[in-house]
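Report on the structure
Below are the chains, spelled out letter by letter.
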2 protein chains.
Amino acid sequence: MEIGIYFKFLLTFGLILLAARIGGELFERYLKQPPVLGELVAGIIISPFALGGLINDPIILHFATIQGAFGLHEFNVMEIISEIAVVTLLFVAGVETDVGAFIKQGITGALVAVGGVIFPFIFGYFITMWLVPEAGIAGWLFIGATLTATSIGVTVRILMEMGKLQTKAGTTILVGAVIDDIIGIVILSIVVGVSAAAKAGGELNMVHVSLDALKIFAIGFAVWFALLIIGVKLNRYISRFLLHPFRKSGTIPIFALIVGFIIAYLVTLVGLHPVVGAYVAGLMFAATGEREDILDKTRPIMLFLAPFFFCYLGMQVDMRLLWGGAIVAVILTIVAVLGKIAGCYIPARFAGKMTHTESMIVGIGMVPRGEVGLIIAGAGLLAGAIGRDLFGAAVAVSVVTTLIMPAMLKPFFKLPSASAKNTGKTLRQDE
Amino acid sequence: MEIGIYFKFLLTFGLILLAARIGGELFERYLKQPPVLGELVAGIIISPFALGGLINDPIILHFATIQGAFGLHEFNVMEIISEIAVVTLLFVAGVETDVGAFIKQGITGALVAVGGVIFPFIFGYFITMWLVPEAGIAGWLFIGATLTATSIGVTVRILMEMGKLQTKAGTTILVGAVIDDIIGIVILSIVVGVSAAAKAGGELNMVHVSLDALKIFAIGFAVWFALLIIGVKLNRYISRFLLHPFRKSGTIPIFALIVGFIIAYLVTLVGLHPVVGAYVAGLMFAATGEREDILDKTRPIMLFLAPFFFCYLGMQVDMRLLWGGAIVAVILTIVAVLGKIAGCYIPARFAGKMTHTESMIVGIGMVPRGEVGLIIAGAGLLAGAIGRDLFGAAVAVSVVTTLIMPAMLKPFFKLPSASAKNTGKTLRQDE
């Protein structure tokens, strides 16, 4: 029966959520780790490169990509649900944010983002030049760019679960991650331009490249900043004109989330990632009187969907690829971790006048490269700037930095693990 | 940028939800109609055949079908989200059901389903034979089969919103709709077999066809009944072994919904529609002590997703197709409405000993053909049993029966409209 194909996608959706829930539960209960880590590992286990490959079906637990559809090299159907999940997560994170604190941490967060980009980039570039000289300038640039990435999802989930999203460190991480995304697209555009010129062997017009990068940065920052100001200064009008019409029907939270999806798309028109739009949309509503109502009804949606994103992210990992350049991967991972921590710790500690513990939380919280690292490395692979071996190493960096972060973060939350767990529990059961 | 394609799907998701919410709001506030009707109409307005067609983009508010992907004639990406939405809706409806009443209404519901199939089928068959003799036996059969369909979604939404899902009439409709689906797949298999034989001009082995139909019926009914009995008799074990492991992490509702998705798929293996599985899975949890917790956390997910299903359903409607066989469409619609009401009213009133009002609610509640009618008619079109004109008429029947039902139902809820509205409001704001 033809329609059966659709039902197989329904099954895949259910199986991914099931694996995520079981993985999350096991990690939380027996390994005392955050559920999100269990969801990632569950994804690695059920991926088409592992268990999923044993199910001899091109759709169930496979990526079911369609070659050449919509002008894409490969079109992946479940990717859309994964995007919906992460947009919902960052929207809720936005609504949960203390807007006053967010603005207060603005300068520090910006410096953290800049430091967290510069250090890993320089380290990554020169270490790759030393380890893999044959990759050439295009390859060194792309590995450097991959190391600048910050994937905020895992950190946000952990901070949420521990009730620490609204702390000074939590807010700084959020500001840093948003600005990191803006810097990230600028770097990617520079890297793509320079490596294309390097590969073509032609002369590089650095003035041209710099002007382009400046333009992208200015637009991205302006849009993001404008949305933030609208949210903070005009929240009365947002309440009155955008939310109150839906008060009678009790659908304010749903309408707010829908606005989040629209804004998530709109920011992509200036090159930002949808999660930045979703987060800023959430911030817009964080200052309104309807905040509690919005949180109350959107959090269950987030709790249902977010594990899909993390498990699906885990599914992208082909463990076999990681062995290829094992030594390079190990060294790059160490560089990625140390570079990010140093680059973020220094501004947090000295410009932001945070304590050592807070600064370490900021530094470690920015460590995961996650899907952002995978995207940049994937762009490098597609552009021919890096080969399969360096791509494997970049994947390893993205995965390992994401997996080890929770354990690294733990010693810096000064609560005994039992009470920290209870806080998380209470919060989640109150929802 | 390649990844931009995915963002366009994100936008389509957001725009469909936005149109649905605005349509639902306008219909509720100004036309005093249930939101679901506004969602359907919003879908018709933004469909690729109307407003969506004006956006000159193959993805945004278009169906973005991929030809020949996964061995399908056309593969429609957003359809999967639509399936996820309707599965969530029927799961929540299942959890909300009073299981005792469901079983009590079992016999009546079964008779309602049988009556609601026989009357419209016979009427549809002979009226089509009279109106469109050139369609032949295959065409008459397919129109008859289309008229037997029941789409439970709209009725369930309205009953939920009015707090009437757990009434005698509400329960009977749910039983009737579940059994109607089982009978429906049997009829479809017979019709496909007979019309294929008729078109081939060959001899029809009625014994063979009947045995096949009997087998499908027996398997479908057995699976459905077994799931029901498991839910009702073994709910203590469901609580203890399936739900309690997730009590500490506060994820019982999410795990229950995931089980709903898995069961929704599993029933499709014996030919049932996923919504039947989702509903019965919901019933399994309706008798557990965790019911309230499950409802509390899954209802916001349902309220967010369900409008997507209805709006997307509206988007399937090409108004231009409806003009083709306008007279045939009008007559078939009248037959469809009267046939279903008569076929359901009589068993409800006389076998079920319900009042006139209750029996009318049951009859009218079963009237919408919705997406089920569209699926059967689509199968007929694909099989070459009916042409574009009869298909247009069948689409009209599916759409119009779905659109007029709420207005027909209203006089039979004996509450003054103001207080009925308040009941709905209170319920939805309590969530």
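Residues numbered from 1 in each chain as written. Chains lettered and ligands numbered in written order. Predicted model: local features only at pLDDT ≥ 70, side-chain atom pairs only at ≥ 80, totals over all residues.

Let us now look at the overall build of chain A. Scanning chain A from terminus to terminus reveals 20 helices and two strands. Here the C-alpha atoms of chain A give a radius of gyration of 21 Å, agreeing with the 22 Å that 2.2 N^0.38 yields for 431 residues. Seen along its three principal axes, the alpha-carbon backbone of chain A occupies a region of about 65 × 60 × 45 Å. Sequence separation of 24 or more characterises 80% of the internal contacts of chain A that already satisfy a separation of 6 or more. (Helix = DSSP H or I, 4+ residues; strand = E, 2+ residues; numbered from the N terminus. Rg over C-alpha atoms; globule rule 2.2 N^0.38 Å. Contact = placed C-beta atoms within 7 Å.)

Below, the discussion takes up the confidence of the model for chain A. Residues and elements named next belong to chain A. On average, residues of chain A carry a pLDDT of 85, and 94% of them reach 70 or more. Across chain A, helix α12 (residues 252-268) holds the top mean pLDDT of 95, while helix α20 (residues 417-430) sits lowest at 40. Scored below 50 in pLDDT, residues 415-431 makes 16 contacts in the model with residues more than four places away or belonging to other chains. Predicted as a complex, the structure gets a pTM of 0.85 and an ipTM equal to 0.84. (pLDDT = per-residue confidence, 0-100.)

So, on to the environment of I16(B). Residue and element names in this part refer to chain B. Summarising the element assignment, I16 is placed in helix α1 (residues 4-30). Residue class for I16 comes out buried when judged on the 29 C-beta atoms lying within 10 Å of it. In the structure, I16 is positioned 245 residues away from F261 in sequence and 23 Å away in space, judged by C-alpha atoms. I16 has contacts with F308, C311 and Y312, leaving out every residue within four places of it along the chain. (Buried ≥ 20, exposed ≤ 12 C-beta atoms within 10 Å, placed from the backbone.)

Note on interface size: it is often stated as the accessible area lost on association of the parts. The interface is formed by 52 residues belonging to chain A together with 51 residues belonging to chain B. Elements with a minimum of two residues in the side of chain A that touches chain B: α1 (4-30), α4 (78-96), α12, α14 (291-315) and α20 of chain A. Looking at the side of chain A that touches chain B, the element that brings in the most residues is α1(A), giving 14 residues. Taken together, the residues of the side of chain A that touches chain B break down into 34 nonpolar, eight polar and 10 charged. (Nonpolar A, V, L, I, M, F, W, Y, C, P; charged D, E, K, R; others polar.)

This paragraph deals with the relation of the copies chain A and chain B. Superposing chain A onto chain B takes a rotation of 180 degrees plus a shift of 0.0 Å along the axis, which leaves an RMSD of 0.0 Å. Viewed as a symmetry operation, the transformation between the two copies matches a two-fold axis. Looking at the rotation axis and the C-alpha trace of chain A, the residue lying nearest is I301(A), at 2.5 Å. The fraction of interface residues of chain A whose copies in chain B are also interface residues reaches 98%, indicating that both copies meet through the same surface. (Least-squares fit on C-alpha atoms with pLDDT ≥ 70 in both.)

A word on the packing of helix α17 (residues 356-365) of chain A against helix α19 (residues 388-409) of chain A. Residues and elements named next belong to chain A. Between α17 and α19, the least distance of the axes is 9 Å, while the angle of their chain directions is 170 degrees. Taken together, the axes of α17 and α19 lie roughly antiparallel to each other. As α17 packs across α19, the resulting crossing turns out to be left-handed. Contacts between α17 and α19 involve I361, I364 and G365 from the former and M405, M408 and L409 from the latter. Across the contact of α17 with α19, the residue classes tally to five nonpolar, one polar and no charged. (Axes fitted to C-alpha atoms, helices over the stretch in contact; angles between N-to-C directions. Parallel < 35°, antiparallel > 145°, perpendicular 65-115°, else oblique. Left-handed = near helix turned anticlockwise from the far one by under 90°.)

Okay, helix α18 (residues 370-382) of chain A next. All names here are of chain A. For α18, spanning 13 residues, the distance from its first C-alpha to its last is 18 Å, which sits close to the expected 18 Å at 1.5 Å a residue. All of the buried residues in α18 are G370, E371, V372, G373, L374, I376, A377, A379 and G380. Directly after α18, the chain includes G384, whose backbone phi takes a positive value near 80 degrees. (Expected span 1.5 Å × (residues − 1).)

The next thing to look at is the packing of helix α18 (residues 370-382) of chain B against helix α19 (residues 388-409) of chain B. Residues and elements named next belong to chain B. Relative to each other, α18 and α19 sit at 175 degrees, their axes nearing to 8 Å. With respect to each other, α18 and α19 are oriented roughly antiparallel. On α19, the residues touching G370, G373, L374, A377 and L381 of α18 are F391, A394, V395, V397, S398 and T402. By residue class, the composition of the contact of α18 with α19 is seven nonpolar, four polar and no charged.

As a further point, take the environment of L305(B). Residue and element names in this part refer to chain B. Following the sequence through the fold, L305 ends up in helix α14 (residues 291-315). The spacing of L305 and K104 is 201 residues in sequence and 31 Å in space, taken between C-alpha atoms. Setting aside anything within four residues of it in sequence, one finds L305 in contact with I84, A85 and T88.

Once that is clear, we can look at the environment of R369(B). Residue and element names in this part refer to chain B. Structurally, the position occupied by R369 is in the loop between α17 (356-365) and α18. Among the residues examined, R369 registers 30 C-beta atoms within 10 Å and is labelled buried. Measuring from C-alpha to C-alpha, the distance between R369 and L11 comes to 29 Å, with 358 residues separating the pair along the chain.

So, on to unusual backbone geometry. Residue and element names in this part refer to chain A. Although it is not a glycine, L61 sits at a positive phi angle of roughly 55 degrees. Mapped onto the elements of the fold, L61 is located in the loop between α3 (51-54) and β1 (65-67). Positive phi, normally seen in glycine, also occurs at K353, with a value near 50 degrees. Mapping K353 onto the fold places it in the loop between α16 (326-351) and α17. With 10 C-beta atoms counted inside 10 Å, the residue K353 sits in the exposed group.

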